[in-house]
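# Chain and residue survey
Given next are the chains, with one letter for each unit.
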Amino acid sequence: MGRASHDSIKDDIVQLLRANGGSMGNYPLMEKLRCNADTYWKVKSQLIEEGLVVDWKGRGGSLKLVEVERNAPTGKKVAPATDEPESTDLAERKLYGPIVKVLEEDWAPDKRINNFVIERTASQGRRRTGGTWSRPDIVLASIEKLSFVPGMRLDLISFEVKASSNINLVAVYEAVAHLRYANKAYVLLHVPKASAHDDRLQERIKGIEEEAVRHGVGLIVAEDVSDYSTWTTRAEAERHDTDPFKLNDFIQLQFTEENKRTLEHWCHGPQVETQH
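Reading guide: rules and limits
- Throughout, residues of each chain are indexed from 1 in the direction in which the sequence is written.
- With pLDDT at 70 or above as the cut-off, local features in this predicted model cover only qualifying residues; side-chain atom pairs require 80 or more to be listed or tallied, and sums for whole chains, interfaces and linings still use all residues.
- Based on all heavy atoms of the structure, the side-chain values leave hydrogens and waters out of the count.
- Secondary structure follows DSSP: runs of H or I at least 4 residues long count as helices, runs of E at least 2 residues long count as strands, and numbering of each begins at the N terminus.
- Exposure is judged per residue with a 1.4 Å probe applied to protein chains only, and the accessible area is read against the type maximum: over 50% gives exposed, under 20% gives buried, and values in between give partly exposed.
- Two residues form a contact once any of their heavy atoms are found within 4.5 Å.
- Patches here: salt-bridge-free residues with over 30% relative accessible area, like charges joined within 9 Å, nonpolar side chains (Val, Leu, Ile, Met, Phe, Trp, Tyr) joined within 5 Å.
- Per-residue accessibility takes into account occlusion by the displayed protein chains alone, with areas from the Shrake-Rupley method and a 1.4 Å probe.
- Think of a salt bridge as a Lys or Arg side-chain nitrogen and an Asp or Glu carboxyl oxygen that are within 4 Å of each other.
- Here an axis means a line fitted to C-alpha atoms, over the contact stretch when the element is a helix, while the angle between two N-to-C directions is reported on a 0 to 180 degree scale.
- An angle counts as roughly parallel when it lies under 35 degrees, as roughly antiparallel when it exceeds 145, as roughly perpendicular when it falls between 65 and 115, and as oblique in every other case.
- Crossings are sorted by hand: turned counterclockwise from the far helix by less than a right angle, the near helix makes the crossing left-handed, and turned clockwise it makes it right-handed.
- Residues are grouped as follows: nonpolar covers Ala, Val, Leu, Ile, Met, Phe, Trp, Tyr, Cys and Pro; charged covers Asp, Glu, Lys and Arg; every other residue, Gly included, is treated as polar.

This part covers the side chain of serine 195. When you line up the elements, serine 195 lands in the loop between strand S7 (184-190) and helix H6 (199-215). Of the residues examined, serine 195 reaches a relative accessible area of 19% and is grouped as buried. Apart from the residues within four sequence positions on either side, serine 195 is in contact with Leu201 and Gln202.

And the structure:
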């Protein structure tokens, strides 16, 4: 079957998913398309690689449509966002730049991570990965080659950033959700010096730490996000053997072309620094 036919089937799948509320089982799709399984699996893989769909739950597996942009229904007014979430969101976005710089210059070397790229996944508009809490704020992707262990290992490490005005247990559950697409997940809390003696806040952080440990999520508390000497790791993240296909799909959908090329080059080339 030629490329034109594959493209036609891809278009049909997208239309069927839209008509069915955004998701549909693999086998009902095959039946509707009247195509053989081999062709369907190939076309499905192409759609996933292009970031148009993601694997979904259900008997026999299913597909869920990834809508990059969702417009409000015609004739309905969209309620304006309240000032409080907007200001919290802005406060957190201001933290991303300094945090990325520290991750690059201090945190990664301290963790003996040599070959890595960092993606600010929170800054990608309304692009979706297919689920609630499915996109971290920052993701570090590393590829490590060890002296005495054959092959290379890819790790995705996610960071859920919370400003001092938005510190609560939900951050841990968001980080747990990120483990669908990452090997390690951290919550990073910005707690300025002025808040250090806030007993209620400290009690809240203690509860977050206990919940993080229970779920294998890492917890970092930073007094000054731009100064690594003020970062305290309250809980170390446990590594999870996440499905490599989900890692690959997340990179395909969420990473910039430049970072994808860098990772691909490391995966298939010899220019990877060995960790001793």
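With that out of the way, let us pick up a nonpolar patch on the surface. On the surface, a cluster of nonpolar side chains totalling about 340 Å² of accessible area is made up of Leu146, Phe148 and Val149. Here phenylalanine 148 shows up in the loop between strand S5 (138-146) and strand S6 (152-162).

Bringing the packing of helix H5 (residues 170-178) against H6 into the picture now. Following both chains from N to C, one finds H5 and H6 inclined at 20 degrees, their axes separated by 9 Å at the closest point. Classified by the interaxial angle, the pair formed by H5 and H6 is roughly parallel. For the pair H5 and H6, the sense of crossing is right-handed. Within the contact between the two elements, H5 uses Val172, Tyr173 and Val176 and H6 uses Ile208, Glu211, Ala212 and His215. Classifying every residue of the contact of H5 with H6 by side-chain character gives five nonpolar, one polar and one charged.

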